[in-house]
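Read off the chains here:
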Amino acid sequence: MTDGAVLEAARVLVAADKFKGSLTAVQVAERVTAGLRRVVPGLAVETLPVADGGDGTVAAAVAAGFDRREARVTGPLGTPVTAAFAVRDGVAVVEMAEASGLQHLPSGVFAPLTATTYGSGELLLAALDAGARTIVFGVGGSATTDGGAGMLAALGARFLDAAGEPVAPGGGPLATLATADLSGLDPRFASVDLVLASDVDNPLTGPKGAPAVYGPQKGASPEDVAVLDAALGHFAKVLEASVGARAAEAALAPGAGAAGGIGYGALVALGATFRPGIEVMLDVLGFAPALARATLVITGEGSLDEQTLHGKAPAGVAAAARAAGIEVVAVCGRLALPPEALAGAGIRRAYALMDLEPDPARCMAEAGPLLERSAQRLAKDFLA
């Protein structure tokens, strides 16, 4: 396809992620569609909001036709929160951030040593109770660094100190862990396909582990990071005494360090399999049949940058479209990739809102109208 080409029976697929802090993935699709149709009235547009396992994953599933459910669960600070998940035909999409995410912390408040994933375990139980036989467990955006210990405790595991008392919530208190008993875990997990969907492949501990890489985002000081790294290492050692060598192997596995180590808990105790989040979500959302109907794909997210190339939604969408021979263009708030990097990812061109409004605060505040204008530019270049 060439710029300005007149397309016979053009059909556009809008498969973009959210613009974090300004537009949901559903709103991005609506604004892009409106902008395209201003230039090409009656244009056939199919929208498929996407997510990579982090926040917004449940919303993307609901937009694709899943039923939205809610459960009251324990938040990261121990107070009740309402968390959503999505269900369709025996498949549940569970987003740990709904229960244990940073969005549940008051502004400026962090609890790196004591935040718990207990509510994420309760959310998994709600999915089981809803009849799920496959659970896509999207992990990201967590307020926690407890190795999934809280999640496992909610599911029936027991973590005791030397006095035989339950270890306090959070990653820090795991330093006092003496014994781990997984025999009480909900037996339904033995027959459920649990898929750990994440865009990060970090191990549990070490320089690239959960505390070192993601702890500072959750308010952890350098001293806190050292405490958490040692505590999670100790947690893995105690689990090794309980379940054997697979506990040590799981600590090194890709995805173990996802969402403060909740990936580790899922891998070592719940039989989870790790897959890149965007790959899982494209399967779940029905991307392949939608792609087969398209002549042009529009993807995007708030910031197209180096991180995008490492498993984020636009890179996954572009890779799948390129494999099918369908051209891809992108929309974004901020573009921090050179043309050659975009081309390497399979993206022909990117349209950034900051090209229209360079002031970041104003750009985020006016993201909707700016995105419509960007979509008009895109349509003139590729569809008119």
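Residues numbered from 1 in each chain as written. Predicted model: local features only at pLDDT ≥ 70, side-chain atom pairs only at ≥ 80, totals over all residues. Heavy atoms only, no water.

Counting its regular elements, the protein contains 15 helices and 13 strands. For a compact globule of 384 residues, the expected C-alpha radius of gyration is about 21 Å, and the protein comes in at 22 Å, within 12% of that figure. Taking all 384 residues of the protein together, the buried fraction comes to 54%. Here the contacts in the protein between residues at least 6 apart in sequence split such that 72% fall between residues at least 24 apart. For the protein, the exposed area adds up to about 15000 Å²; of that, 54% sits on carbon and sulfur atoms. Charged side chains of the protein number 28 positive and 40 negative; the gap between the two group centres comes to 6 Å. (Helix = DSSP H or I, 4+ residues; strand = E, 2+ residues; numbered from the N terminus. Rg over C-alpha atoms; globule rule 2.2 N^0.38 Å. Buried < 20%, exposed > 50% of the residue type's maximum accessible area, 1.4 Å probe, protein only. Contact = heavy atoms within 4.5 Å. Areas by Shrake-Rupley, 256 points an atom, 1.4 Å probe, with all protein chains shown as cover. Lys, Arg positive; Asp, Glu negative; His and termini not counted. Charge placed at Lys NZ, Arg CZ, Asp CG, Glu CD.)

When two helices pack together, their arrangement is given by the angle between their axes and by how far apart the axes lie. Following both chains from N to C, one finds helix α1 (residues 25-39) and helix α15 (residues 367-382) inclined at 45°, their axes separated by 7 Å at the closest point. Taken together, α1 and α15 sit at an angle that is classed as oblique. Of the two elements, α1 crosses α15, and the hand of that crossing is right-handed. Residue-level contacts link V28, R31, V32, A34, G35, L36, R38 and V39 of α1 to G368, P369, L371, E372, A375, Q376, L378, A379 and K380 of α15. (Axes fitted to C-alpha atoms, helices over the stretch in contact; angles between N-to-C directions. Parallel < 35°, antiparallel > 145°, perpendicular 65-115°, else oblique. Left-handed = near helix turned anticlockwise from the far one by under 90°.)

This part is about the pattern of salt bridges. Evaluation of the coordinates by the stated rule reveals 16 salt bridges. One salt bridge in this structure joins E372 and R31, with 2.8 Å as the shortest N-O distance. Of this pair, E372 sits in helix α15 while R31 sits in helix α1, and the two are 341 residues apart along the sequence. Looking at R31, the relative accessible area reads 29%, which means it is partly exposed. If you follow the salt bridges from partner to partner, you end up with D17, K18, K20 and D55 in one network. (Salt bridge = Lys/Arg side-chain N within 4 Å of Asp/Glu carboxyl O.)

Further remarks concern the nonpolar core. By size, the foremost hydrophobic cluster in this structure holds 58 residues, and its most contacted members are L124, I135, F137, F159 and Y264. Counting residues in each nonpolar core, the second largest holds 41 residues, with A60, L337, I347 and A350 among its members. (Core = buried A, V, L, I, M, F, W, Y, C linked by side-chain atoms within 4.5 Å.)

So, about helix α7 (residues 222-243). For α7, spanning 22 residues, the distance from its first C-alpha to its last is 31 Å, which sits close to the expected 32 Å at 1.5 Å a residue. Those residues of α7 not exposed but buried are D224, V225, L228, A231, L232, F235, A236, V238 and L239. What you see down the axis of α7 is that its buried residues fit within an arc of 165°, all on one side. The exposed residues of α7 that point more than 90 degrees off its buried face are P222, E223, A230, K237 and A241. Of the surrounding elements, those touching the buried residues of α7 are α5 (149-154), β7 (158-161), β8 (177-181), α6 (210-214), α8 (246-252) and α9 (262-269). (Expected span 1.5 Å × (residues − 1). Arc of directions from axis to C-beta.)

Turning our eyes to something else, we now look at the confidence of the model for the protein. Considering every residue of the protein, the mean pLDDT works out to 95; 98% of them sit at 70 or more. Confidence drops under a pLDDT of 50 for residues 1-7, and excluding neighbours within four residues, the segment shows 21 contacts in the predicted structure. (pLDDT = per-residue confidence, 0-100.)

What follows covers the sheet that holds strand β12 (residues 327-335). If you walk across this open sheet you meet the five strands as β2-β1-β11-β12-β13, and the pairing is parallel. A strand with exactly one partner marks an edge of an open sheet, and here the two such strands are β2 (44-47) and β13 (350-352). The average undirected angle you get between the axes of adjacent strands in this sheet is 25°. Judged from the three bridges that link them, strand β1 (residues 11-14) and strand β11 (residues 296-304) form a sheet pairing that is parallel. Each residue of the ladder has a partner; that of V12, found in β11, is L296. In this fold α1 packs onto β1, β2, β11 and β12, with an angle of close to 170° to the strand it touches most, β2. Strand contacts of α15: β11, β12 and β13, with the helix running at about 150° to β13, the strand carrying the most contacts. (Pairing = 2+ DSSP bridges.)

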